[in-house]
Every structure is written in C-alpha cells, then in structure tokens.
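# Descriptive analysis of the structure
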2 protein chains.
Amino acid sequence: MKTLIIVAHPDVKGSMSQQFFLSGLEQEKEVTIHQVYDSYPEGKIDKGKEIERVLSHDRIIFQFPLYWYSAPSLLKEWQDVVLSEIASNDSYMTRVAGKEFGIVVSIGSKETSYQAGGSVGLSLSELMKPYQAMATYFGLDFMPIFANYQFMYQTEQAKKQVLVDYQYYVTGPKLKTLASRTKWLRERVRGSQTLDANLLAPLLTQLEENCETIEDLNQTLADM
Amino acid sequence: MKTLIIVAHPDVKGSMSQQFFLSGLEQEKEVTIHQVYDSYPEGKIDKGKEIERVLSHDRIIFQFPLYWYSAPSLLKEWQDVVLSEIASNDSYMTRVAGKEFGIVVSIGSKETSYQAGGSVGLSLSELMKPYQAMATYFGLDFMPIFANYQFMYQTEQAKKQVLVDYQYYVTGPKLKTLASRTKWLRERVRGSQTLDANLLAPLLTQLEENCETIEDLNQTLADM
C-alpha cells in the first residue's frame with residue numbers, strides 16, 4: 001500500500017511537531033511526503049502533477065496544523081484546483097473512488113477546549129465536516145482523524161507513543177485491531193535495518209501469545 | 001451601521017449571482033464591498049489595511065461561492081494572515097468583540113442535498129462550523145447564514161425576493177421581526193433617489209397598518 005502525505009505547513013522546518021512526525025517516516029519506502037508550501041512558494045498549484053500523485057497512491061493523508069479551525073490556506077487552494085479537475089473527469093473519479101483518506105492535525109490548544117462547554121465549544125469531528133463531505137463526494141474511505149493536541153507539552157514517553165501511532169496511521173491497515181497491530185509491528189521489526197530483531201524476538205513472541213489469548217477469550221465469549 | 005462585505009470569488013465578473021447581489025447595493029453609502037481576489041491577484045494580503053477595514057465597520061460579512069464545502073482559498077489566506085494578527089493584539093481583540101458577523105454563500109447544488117440522506121449528507125450549518133468557531137473566538141455576534149441555492153434556476157420573482165432579503169441582511173437590524181423589516185423598508189423608500197415615494201406611500205401605510213394589527217393580536221394573545 002502506497003501512502004501520500006500532503007503536508008500543509010507554512011514553516012515545516014520551524015515546526016517541532018512536523019519534524020518529529022516526519023522523523024518517524026525516514027525508512028518508509030511506500031510513503032511519499034509532499035510539502036505543498038515548499039513545492040509552491042508562489043501558490044500556483046500544478047494540477048497535472050498533483051492528480052498523478054493522488055492517482056498513484058492508495059491512501060491520501062492531509063497533514064496540517066489547525067489554523068482557524070481548518071487547514072492553512074494553501075491546502076484549500078490545492079483542493080480548489082486539484083479536486084475540481086478530478087471532479088470534471090469521469091476516469092479520474094473512478095480511479096479515486098475507494099482510496100483511503102486520513103487527516104493528521106496538530107492542535108495548539110488543549111483537547112478539552114474541543115467539546116461542548118469548552119472554549120471552542122465544538123468537537124474536532126464537527127470542525128472537520130468539510131473534509132468529511134469531500135470524502136463522501138469522491139467515494140473515499142474516511143479514516144478516523146489523527147489529532148495531536150499540544151505536542152510541546154507532552155512527555156517524552158507520550159511523544160514516543162504518538163510516533164508509533166502515527167507510523168501505524170500512515171502505513172498500517174485501516175482497521176485497527178490488536179491482531180492487525182501485532183502483525184504490523186512484527187513486519188516492521190523484521191524489515192528494520194536498525195533494530196536488532198534478535199533482541200526484540202522474545203517481546204514479539206510474548207505479544208503474539210497475549211494476542212492469541214485475547215482472541216481465544218473473545219471466541220469463548222462469542223460461544224457463550 | 002457600517003457593513004464590510006468581504007467577497008471571495010475568483011471570477012466575480014463572470015458570476016451572475018455575485019453580479020446580481022452587488023447590483024442591489026449600488027446606492028448603499030454605509031456598505032463597503034471588498035473584492036479580495038481583485039485586490040490581491042498575487043495572494044499577498046496587506047494585513048494592516050485589512051485590520052483597518054475590519055475595525056472601521058460594525059458588521060463583517062464573508063460572501064463567497066461554496067468550493068469544496070468551504071470558501072475559496074484566498075478567504076482562508078485572509079483569515080490566516082489577518083485573524084492571527086488581530087488575535088495577537090489585545091487592543092484589536094477588544095475592538096473586534098461585539099461586531100456582527102454574517103455569511104452569504106452561493107451554492108450550486110440543490111438545498112435538499114444538504115441534509116441527512118441527501119447526497120452531501122451534512123447541513124450547511126454543520127459545514128460552516130469552522131466560521132462559527134471563529135466567531136466564538138473573537139466574540140462576534142454570528143448572524144443566521146444567508147444561503148442561496150441554485151441561483152440560476154430561480155424564477156425572476158424569487159430572485160427579486162432574494163435581492164430584498166440580501167439587502168436587508170447587509171443593512172438591516174440583525175433581529176428580523178415584522179416591525180424591524182417594516183421600519184427598514186420605510187427608511188429605504190424615503191431615502192431612495194430613484195423610487196417615487198408618493199406612489200409607494202399608500203402601500204407603506206397599508207403595510208404599517210397590517211403590522212400594527214398583528215402587534216395588537218400578539219398583545220391580545222399575550223394578555224389571554
């Protein structure tokens with residue numbers, strides 16, 4: 001599965017959270033990272049190139065910091081130019097339908113603001129409705145939104161967990177079960193050039209055994 | 001009351017609905033029409049000028065065609081540049097709070113698409129949540145959204161009604177009662193250079209009488 005990450009951040013190099021996320025993808029061969037602000041400093045989107053990018057990947061991810069409850073403007077320009085072209089062409093529409101679509105959003109304020117009674121008063125799911133409508137229009141398979149609140153204030157341990165979750169979001173199967181995560185982790189450990197697989201082997205075996213135990217329990221519950 | 005209409009349409013001259021709306025405001029002295037795509041063909045917003053515009057008006061209206069369930073990208077760029085500057089300045093924040101904020105949106109597809117079970121599956125109010133959150137952030141008084149679906153397919157009579165409603169939305173009191181509309185209409189007829197007030201006088205008198213009758217009935221109902 002090939003993933004296209006369309007990153008819309010006016011200053012990626014100055015963003016600690018963006019740098020952190022991208023550091024987790026350096027070894028990924030099936031992932032294309034596309035920085036729209038770097039590619040189009042004058043804001044003129046090349047629609048031909050962009051459509052080719054979209055068509056040649058299976059999962060499309062919009063990755064951005066939340067600016068006024070939406071993506072920075074250049075991602076909207078990308079939508080205005082690229083999506084309109086796709087929508088006007090039946091062949092493109094057919095090829096786009098069924099692709100997976102995700103959102104990775106970094107948020108400066110705290111999670112509790114994004115609920116009824118919070119300072120924003122609206123949930124992130126509510127604010128992302130225009131993207132949901134877009135996914136519906138093109139027949140995309142909308143993944144649960146990957147939101148990261150107040151990256152700067154997280155502990156190192158929490159950040160590491162975020163990074164693994166992010167790697168899974170970008171490269172793992174959409175359906176997130178314990179079994180799918182275990183399989184994903186095993187494949188990544190085996191394929192890694194930098195990790196010592198021998199050291200991790202006992203941990204992986206343990207994880208798989210736990211996984212089987214839980215599946216057996218689930219089966220027993222289902223039988224009862 | 002001074003109204004600023006920020007129009008974000010990449011081709012205002014080619015848009016029949018935009019031309020139609022704007023034709024209804026030619027005599028309005030308290031209304032400023034600001035075409036962002038004309039003002040900033042290169043997309044570089046002058047934040048100083050924009051903040052002055054915002055601060056010197058009482059009602060701010062975003063007027064745009066719906067592109068991918070949101071405004072065209074240059075309005076988002078305007079938000080990214082101008083709102084961020086306002087948010088970083090306490091004095092600006094104080095002066096902006098309490099202003100009225102409206103949205104005039106033209107929609108190409110039919111109204112029934114914008115509901116559960118429709119092809120979009122989401123209402124316009126849901127799609128406009130990012131603007132609602134913006135209004136909350138700045139303490140703006142959010143007006144009911146003025147939506148115009150499929151302008152091209154409307155009858156001439158319906159279009160005329162839309163135009164009067166639009167004029168009221170831009171220049172009338174936010175609270176839309178029969179009394180406030182009658183007062184608004186009277187003032188506009190009296191102030192008009194082109195209408196023959198003598199001809200309209202009997203109609204206005206009739207309207208006022210009807211209005212008083214309804215108010216009397218309301219009072220009677222309240223007393224009962």
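Residues numbered from 1 in each chain as written. Chains lettered and ligands numbered in written order. Predicted model: local features only at pLDDT ≥ 70, side-chain atom pairs only at ≥ 80, totals over all residues. Heavy atoms only, no water.

## Regarding the overall build of chain A
Across its full length, chain A carries ten helices and six strands. In terms of overall dimensions, chain A has C-alpha extents of about 55 × 45 × 45 Å along its principal axes. Between the averaged position of the 22 positive side-chain charges in chain A and that of its 28 negative side-chain charges there is a distance of 3 Å. (Helix = DSSP H or I, 4+ residues; strand = E, 2+ residues; numbered from the N terminus. Lys, Arg positive; Asp, Glu negative; His and termini not counted. Charge placed at Lys NZ, Arg CZ, Asp CG, Glu CD.)

## A short note on the packing of aromatic side chains
Scanning the entire structure with this criterion turns up 32 aromatic pairs over all chains. Between Phe64(B) and Tyr131(B) the ring centres are 5.8 Å apart and the planes differ by 35 degrees, which places this aromatic pair in the tilted class. Placement of Phe64(B) in strand S3 (residues 59-65) and of Tyr131(B) in helix H7 (residues 129-138) is noted, with a sequence separation of 67 residues between them. The burial state of Phe64(B) is the same as that of Tyr131(B); both residues are buried. Relative to Tyr169(B), the ring of Phe146(B) lies with its centre 5.3 Å away and its plane at 50 degrees, an arrangement referred to as tilted. With a gap of 23 residues between them, Phe146(B) in strand S6 (residues 146-149) and Tyr169(B) in helix H8 (residues 156-171) connect regions that are remote in the sequence. The residues Phe146(B) and Tyr169(B) share a single accessibility class, namely buried. Feature note: the residues Phe62(A), Phe64(A), Trp78(A), Phe101(A), Tyr131(A) and Phe142(A) constitute an aromatic cluster, connected by ring pairs. The lysine or arginine in question, Arg181(A), covers the ring of Tyr168(A), its NZ or CZ lying 5.0 Å from the ring centre. (Phe/Tyr/Trp six-rings, centres within 6.5 Å; stacked < 30°, edge-to-face > 60°. Buried < 20%, exposed > 50% of the residue type's maximum accessible area, 1.4 Å probe, protein only. Lys NZ or Arg CZ within 6 Å of the ring centre and 35° of its normal.)

## A few points about the nonpolar core
In a soluble, globular protein the nonpolar side chains are often hidden away together inside. By size, the foremost hydrophobic cluster in this structure holds 84 residues, and its most contacted members are Phe62(A), Phe64(A), Trp78(A), Phe62(B), Phe64(B) and Trp78(B). In this structure Phe64(A) touches Ala8(A), Gln18(A), Ser70(A), Ala71(A), Pro72(A), Leu75(A), Ile103(A), Val104(A), Val105(A), Ser106(A), Met128(A) and Tyr131(A), once residues within four positions along its chain are discounted. Within the second largest apolar cluster, 18 residues are counted, among which are Ile5(B), Leu22(B), Met143(B) and Val170(B). (Core = buried A, V, L, I, M, F, W, Y, C linked by side-chain atoms within 4.5 Å. Contact = heavy atoms within 4.5 Å.)

## Quick notes on unusual backbone geometry
All names here are of chain B. A positive phi angle, close to 50 degrees, is found at tryptophan 68, a residue other than glycine. Within the secondary structure, tryptophan 68 is located in the loop between S3 and helix H4 (73-87). Its identity as a non-glycine residue notwithstanding, tyrosine 69 has a phi of 65 degrees, on the positive side. The residue tyrosine 69 is located in the loop between S3 and H4 in this model.

## Brief notes about the relation of the copies chain B and chain A
Put simply, the two copies of the chain differ by a rotation about an axis and a shift along that axis. Mapping chain B onto chain A calls for a screw motion: a turn of 180 degrees about the axis and a shift of 0.1 Å along it, with 0.1 Å RMSD after fitting. The transformation relating the two chain copies, once decomposed into turn and shift, fits a two-fold axis. Rotation axis and chain B: the residue whose C-alpha lies nearest the axis is Ser73(B), separated from it by 2.8 Å. A shared interface surface links the copies, since 100% of the contact residues of chain B are contact residues in chain A too. (Least-squares fit on C-alpha atoms with pLDDT ≥ 70 in both.)

## Describing the side chain of Thr3(B)
All names here are of chain B. You can see threonine 3 is positioned in strand S1 (residues 3-7). Residue class for threonine 3 comes out buried when judged on its relative accessible area of 1%. Within the structure, threonine 3 has its side chain in polar contact with the backbone oxygen of valine 170 (distance 2.8 Å). The residues contacting threonine 3, other than those within four sequence positions of it, are Glu30, Val31, Thr32, His57, Arg59, Ile61 and Val170. (Polar contact = N/O pair within 3.5 Å; in protein donor to acceptor, adjacent residues only side chain to side chain.)

## Some words on the interface of chain B and chain A
Residue-level contacts link 28 residues of chain B with 29 residues of chain A. Carbon and sulfur atoms make up 63% of the area that chain B and chain A hide from each other, which totals about 2300 Å². Linking chain B to chain A there are zero salt bridges. Linking chain B with chain A are twelve residue pairs in polar contact (both at pLDDT 80 or more). Elements supplying a minimum of two residues to the side of chain B that touches chain A: H4, helix H6 (124-127) and H7 of chain B. Per-element accounting of the side of chain B that touches chain A gives the leading share, eight residues, to H4(B). Class assignment of the residues belonging to the side of chain B that touches chain A gives a composition of 16 nonpolar, six polar and six charged. (Buried area = accessible area lost by both parts, 1.4 Å probe. Salt bridge = Lys/Arg side-chain N within 4 Å of Asp/Glu carboxyl O. Nonpolar A, V, L, I, M, F, W, Y, C, P; charged D, E, K, R; others polar.)

What is shown is where atoms sit, not what they do.
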